[in-house]
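# Coordinates in review
Each chain, letter by letter, is given below.
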Amino acid sequence: MATAIQTRGILSLPFKPIGVRRSLLHPSHGLKLRLFSSAKHRQHLPVLSQKSQSFEPGISISHKVRSNQFLCKAEAAYAGEGDTAKEIAAASVTTLKKIIPLGLMFFCILFNYTILRDTKDVLVVTAKGSSAEIIPFLKTWVNLPMAIGFMLLYTKLSNLLSKKALFYTVIIPFILYFGAFGFVMYPLSNYIHPEALADKLLATLGPRFMGPLAILRIWSFCLFYVMAELWGSVVISVLFWGFANQITTVDEAKKFYPLFGLGANVALIFSGRTVKYFSNLRKNLGPGVDGWAVSLKAMMSIVVGMGLAICFLYWWVNTYVPLPERSQKKKNKPKMGTMESLKFLVSSPYIRDLATLVVAYGISINLVEVTWKSKLKAQFPSPNEYSAFMGDFSTCTGIATFTMMLLSRYVFDKYGWGVAAKITPTVLLLTGVAFFSLILFGGPFAPLVAKLGMTPLLAAVYVGALQNIFSKSAKYSLFDPCKEMAYIPLDEDTKVKGKAAIDVVCNPLGKSGGALIQQFMILSFGSLANSTPYLGMILLVIVTAWLAAAKSLEGQFNALRSEEELEKEMERASSVKIPVVSQDEGSLGESSSSSPEKSAPTNM
């Protein structure tokens, strides 16, 4: 019977229970002493291993081995505690050495972009012989070809140069150009602009072609306009985000990339104040001094200084921060041509509705923005006054977007995707109707506006500014997240192909669609002012289609989400398994919840 009892494992009675108890409960074998004693003292402690045969009789060998393994693991954990803490601290320092310079780079890049964006509009809209009607022609026939040419050149250089050399090769010409424009090209603009030739062509072709001919008349200002646009698309999208994705891990990106969005709006606020300050320098200058030239030199000096700071931060990160290890496996990305993208857009109702959202936003914002800038020039014809107003506009846009980003999470949690997707077109529609109403029916509103101390023109400028501020803040905080979230419930093939199709077709179509409509209206009706009623009607139609597509997409999005949740529930239900304990494991020792019948000796 004794033999039978010994084979039952740890629940059996040993031959020498008192001796075993003394051996197991000896202070030198305790876990507390092993964990909290000094390393020197632990060297003299007896260590049990699987190879050791000095076990007390009556104790299961498997139990002794498992107990010894637990003690050894605890001892190893104690020994590695200090190393783990050091590794965590080192990783945190390395992360901060990447994130802080990246945040400063992003601030400098967006600070410059706000100054350049406000300045480019002042130059081309307020120049002699030009107006806001130049913008649609400039975007279509100058900006787009130069952007395509630059990307072809960038692709060629990326095959010839290292990443570091490519970064400096791209950004340094921007810095040199903006410095040269402020101190050389603008002071010489009266000598390098072919105004006599432009006047002769305008007399021959008629006033309808004032927009296209203005590109020739003020070609250096148009070049500045294009370079400022390229700074936004190249330096921000290509250089900065390419570098950030290169040196950060996925976990770091999830944690810190949203903070970059908030930091962008902080840069917008500060740069708007900077533009406002330097635009008001003219008030303190003597008569006969070109106040806009002085302001332009000061702002371009800041742009150059920020550009050099960007180069320094890039050099510092590459010199002192180790890059994360990347997988060498390359992923095949689907490449779709324009016709293939169009076919895919037409074949999928879900992708078609999503494409409608993207195109509608691009057209709508362009229709209102250009009309607003034409009224802005009429209210503020001086470059300094125009620039000061744009500085205030940028500051207000930054504050509104910052606030909307903080509130967007509440909107998504409380009301869901559908309401969030409809906020942007609703805001654009309401403010757009108010803006065009003040332009078209300024007479009836004149008494009411006069009580507020404004003219109908000034009221239209303010309403147009509010329209742009709220539309852009809603776009950045709600429309963009909604667009990206709409891809999530799709299957992998539709998700990848749909995004490729929208990137190839819809983004350029949305940006250039509004410009093409305005060009047709200007050439047909003679001016932007004459075509304003028709632009308002087109805006109403486009926003209505936008809201209909958002409603349709909401139903499809919620249906896909429900299917996805149901599939997850079914997968979780099918993955539940009943654990099966093997005979060997059961012989080593059952848990306290096991039935007494199974643990009792059968041969008693």
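Notes on the structure follow. (Residues numbered from 1 in each chain as written. Predicted model: local features only at pLDDT ≥ 70, side-chain atom pairs only at ≥ 80, totals over all residues. Heavy atoms only, no water.)

## Side note on the pattern of salt bridges
For the coordinates displayed, the defined rule picks out ten salt bridges. Here Glu369 makes a salt bridge to Lys472, at a shortest N to O gap of 3.2 Å. In this pair, Glu369 is assigned in helix α15 (residues 349-379) and Lys472 in helix α18 (residues 456-485), connecting sequence segments 103 residues apart. A single burial state applies to Glu369 and to Lys472, both of which are buried. Here Lys475 ties to Asp480 by a salt bridge, and the two come within 3.4 Å at their closest N and O atoms. (Salt bridge = Lys/Arg side-chain N within 4 Å of Asp/Glu carboxyl O. Helix = DSSP H or I, 4+ residues; strand = E, 2+ residues; numbered from the N terminus. Buried < 20%, exposed > 50% of the residue type's maximum accessible area, 1.4 Å probe, protein only.)

## Here's the deal with the packing of α15 against helix α16 (residues 383-440)
α16 packs onto α15 with a crossing angle of 155 degrees between their chain directions and a minimal axis gap of 7 Å. When the interaxial angle is binned, α15 and α16 end up roughly antiparallel. Our pair here, α15 against α16, has a crossing hand that is right-handed. Between α15 and α16, the residues in contact are Tyr361, Ser364, Ile365, Leu367, Val368, Thr371, Trp372, Lys373, Lys375, Leu376 and Lys377 and Tyr386, Phe389, Met390, Phe393, Thr424, Leu428, Phe435, Phe436 and Ile439, respectively. Taken together, the residues that form the contact of α15 with α16 break down as 14 nonpolar, three polar and three charged. (Axes fitted to C-alpha atoms, helices over the stretch in contact; angles between N-to-C directions. Parallel < 35°, antiparallel > 145°, perpendicular 65-115°, else oblique. Left-handed = near helix turned anticlockwise from the far one by under 90°. Contact = heavy atoms within 4.5 Å. Nonpolar A, V, L, I, M, F, W, Y, C, P; charged D, E, K, R; others polar.)

## A closer look at the nonpolar core
If you look at the biggest cluster of nonpolar residues, it comprises 137 residues, and the most contacted ones within it are Phe178 and Trp231. For this core, the element with the most residues is helix α11 (residues 219-247), which contributes 17 residues. What Phe178 contacts, discounting residues up to four positions off in sequence, is Leu116, Phe224, Met227, Ala228, Trp231, Met300 and Val303. (Core = buried A, V, L, I, M, F, W, Y, C linked by side-chain atoms within 4.5 Å.)

## Details of the side chain of Asp353
As for its position among the elements, Asp353 is in helix α15. Asp353 has contacts with Ala549, Ser552, Leu553 and Gln556, leaving out every residue within four places of it along the chain.

## Describing a nonpolar patch on the surface
A grouping of Phe183, Val184, Leu188, Tyr191, Ile192 and Trp219 is seen on the molecular surface, where their side chains present a nonpolar patch of about 610 Å² in accessible area. Among the elements of the structure, α7 (163-185) and α8 (189-192) are those that each provide at least two residues to the nonpolar patch. Here Leu188 lies in the loop between α7 and α8. (Patch = residues over 30% accessible without salt bridge, like charges linked within 9 Å, V, L, I, M, F, W, Y side chains within 5 Å. Areas by Shrake-Rupley, 256 points an atom, 1.4 Å probe, with all protein chains shown as cover.)

## Brief notes about the packing of α11 against helix α13 (residues 291-320)
Orientation of α11 relative to α13, taken along the N-to-C sense of each, is 20 degrees, at an axis distance of 13 Å. When the axes of α11 and α13 are compared, the pair comes out roughly parallel. Both α11 and α13 take part in a crossing whose hand is left-handed. Residues Phe224, Trp231, Phe243 and Ile247 of α11 form the contact with α13, whose own contacting residues are Met300, Ile310, Tyr314, Val317 and Asn318. Tallied by class, the residues present in the contact of α11 with α13 amount to eight nonpolar, one polar and no charged.

## Details of the environment of Ser301
Note on placement: Ser301 falls in helix α13. It is 10.0 Å that separates the C-alpha atoms of Ser301 and Ala180, two residues lying 121 residues apart in sequence. Of the polar contacts made by the side chain of Ser301, one reaches the backbone oxygen of Lys297; its length is 2.8 Å. (Polar contact = N/O pair within 3.5 Å; in protein donor to acceptor, adjacent residues only side chain to side chain.)

## Regarding the environment of Ala465
Within the fold, Ala465 resides in helix α18. Sequence spacing of Ala465 and Cys396 is 69 residues, and the spatial spacing of their C-alpha atoms is 9.5 Å. The residues touching Ala465, leaving out its near neighbours within four places in the chain, are Trp372, Phe389 and Phe393.

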